[in-house]
Amino acid sequence: MPELPEVETIRLGLRSHLEGRRLEDLEVFSARAVRRVSDLADLLSLAGRRIDEVARRGKFLWLVLDGAPRALVLHLGMSGQLLVHAEPPSDLPRHTAVVLHLDRGTVLFVDQRTFGHLDAVPLVPTPDGRPGGAGTTRPVMPATVAHIGRDPLDPSLDLPAVAGRMHRTTSAVKRVLLDQRYVSGIGNIYADETLWHARVHPERPAATLSVGELEGLVRTAGEVMAEAVRVGGTSFDALYVDTMGQAGYFARQLRAYGRTGQPCGRCGTLIERHVIGGRSSHLCPRCQRSMRVPSPITDN
DNA sequence: CGGGCCCTGGAT
DNA sequence: ATCCAGGGCCCG
């Protein structure tokens, strides 16, 4: 469920509670949550290390541990939560998958739909020698994150190069925005929001947009997601909450996602829901009829 | 490349 | 009973 703004909100919460703390112990309750770990011993061997950094690229989080060759990678999937408690709770919430015991405090990984996971992953160099993501100064990233691109909020993102690669695919532009290999962090909500702001139809082949237009689209995605981070992400039910269990406020600023049948904020035409590639897309059939050059988020 | 699948639970 | 949900991977 969480996209970049929700994961970033969680990262900021984790950072304030975890950096400098020691990971005393891990308790694993769900085999699925660690299914990618080739050796459970690798994960358990992280116990005892100090947490130096809480890093993120796209929707992936990782903890950089003092002197450890592996990072603790966390992905929340569709429904994962990371909840920080001062003391271990006397009874664990339903779907608690993993508990991290710190020298001060406890982190619960709770995951109803079990698409999330934790993993102990070796750190590998970034090809461009720049920091691996938000929250780290080191030019490394977990090997399992290396296949995804930098995200729109990453100052090291090579925007012209990414837009150039997007321009070389005939796939629908929404699918390209969702493809984490180009630019990471965008999910179904923010893809729909980005396309609404840019007035681009989701099924338009990416190759029919110019490189400059695609750059504008990625910039727009960054603007929308930065604003969402500012207000703590999007919550429409209890599933997305920050590390303190609090909801975010971006739902009230959504212009397309989940607004089927409600008037477009620009032209009043009713927002439609289309099923594209098995997932729903929300769009204004008038504003997003054809191509218009991406406009700033302030254009409404 | 699109399509199906991995899950649980809430809404209709 | 059926559909839907914020992700990602693997398949053909």
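Residues numbered from 1 in each chain as written. Chains lettered and ligands numbered in written order. Predicted model: local features only at pLDDT ≥ 70, side-chain atom pairs only at ≥ 80, totals over all residues. Heavy atoms only, no water.

Packing of helix α1 (residues 4–18) against helix α6 (residues 211–230) brings their axes to within 8 Å, and their N-to-C directions diverge by 40 degrees. By the angle between their axes, α1 is oblique relative to α6. In this structure, α1 meets α6 at a crossing whose hand is right-handed. Along the contact surface, α1 presents Leu4, Pro5, Glu8 and Thr9, while α6 presents Met225, Ala228 and Val229. Grouping the constituent residues of the contact of α1 with α6 by class yields five nonpolar, one polar and one charged. (Axes fitted to C-alpha atoms, helices over the stretch in contact; angles between N-to-C directions. Helix = DSSP H or I, 4+ residues; strand = E, 2+ residues; numbered from the N terminus. Parallel < 35°, antiparallel > 145°, perpendicular 65-115°, else oblique. Left-handed = near helix turned anticlockwise from the far one by under 90°. Contact = heavy atoms within 4.5 Å. Nonpolar A, V, L, I, M, F, W, Y, C, P; charged D, E, K, R; others polar.)

Before going further, it helps to spend a moment on the domain arrangement of chain A. Along its sequence, chain A is carved into domain 1 (4–145) and domain 2 (159–253). One C-alpha centre belongs to domain 1, the other to domain 2; they are set 24 Å apart. With 18 residues of domain 1 in contact, the opposing surface of domain 2 contributes 20 residues. When domain 1 packs against domain 2, the two sides together hide about 1500 Å² of surface, and 66% of this comes from carbon and sulfur. It is Pro5, Glu6 and Thr9 that lose the most area in domain 1 upon contact with domain 2, and together they represent 33% of the buried surface on that side. The interface formed by domain 1 and domain 2 contains zero salt bridges. Seen at the junction of domain 1 and domain 2, the total is eight residue pairs in polar contact (both at pLDDT 80 or more). For the side of domain 1 that touches domain 2, the elements supplying multiple residues, two or more each, are α1 and β5 (80–85). With nine residues, α1 is the single largest residue contributor to the side of domain 1 that touches domain 2. (Domains from an automatic or database assignment. Buried area = accessible area lost by both parts, 1.4 Å probe. Salt bridge = Lys/Arg side-chain N within 4 Å of Asp/Glu carboxyl O. Polar contact = N/O pair within 3.5 Å; in protein donor to acceptor, adjacent residues only side chain to side chain.)

Counted by the stated rule, this structure contains 16 salt bridges. In this structure, the salt-bridge partner of Glu24 is Arg22, at a minimum N-O distance of 2.8 Å. We classify Glu24 as partly exposed; its relative accessible area is 33%. Bridged by salt links that share partners, the residues Arg50, Asp52, Glu53, Asp66 and Arg138 form one connected network. (Buried < 20%, exposed > 50% of the residue type's maximum accessible area, 1.4 Å probe, protein only.)

What follows deals with the protein's contact with DNA strand B. Neighbouring DNA strand B are Arg32, Arg94, His95, Gln112, Arg113, Thr114, Phe115, Thr169, Thr170, Ser171 and Arg175. Atoms of DNA strand B within 4 Å of the protein: sugar and phosphate make up 64%, bases the balance. Here a phosphate oxygen of DNA strand B sits 2.7 Å away from a polar atom, N or O, in the side chain of Arg94. Arg113 places a polar side-chain atom, nitrogen or oxygen, 3.2 Å from a base oxygen of DNA strand B. Its residues assigned to classes, the surface near DNA strand B shows one nonpolar, six polar and four charged. (Near = heavy atom within 4 Å.)

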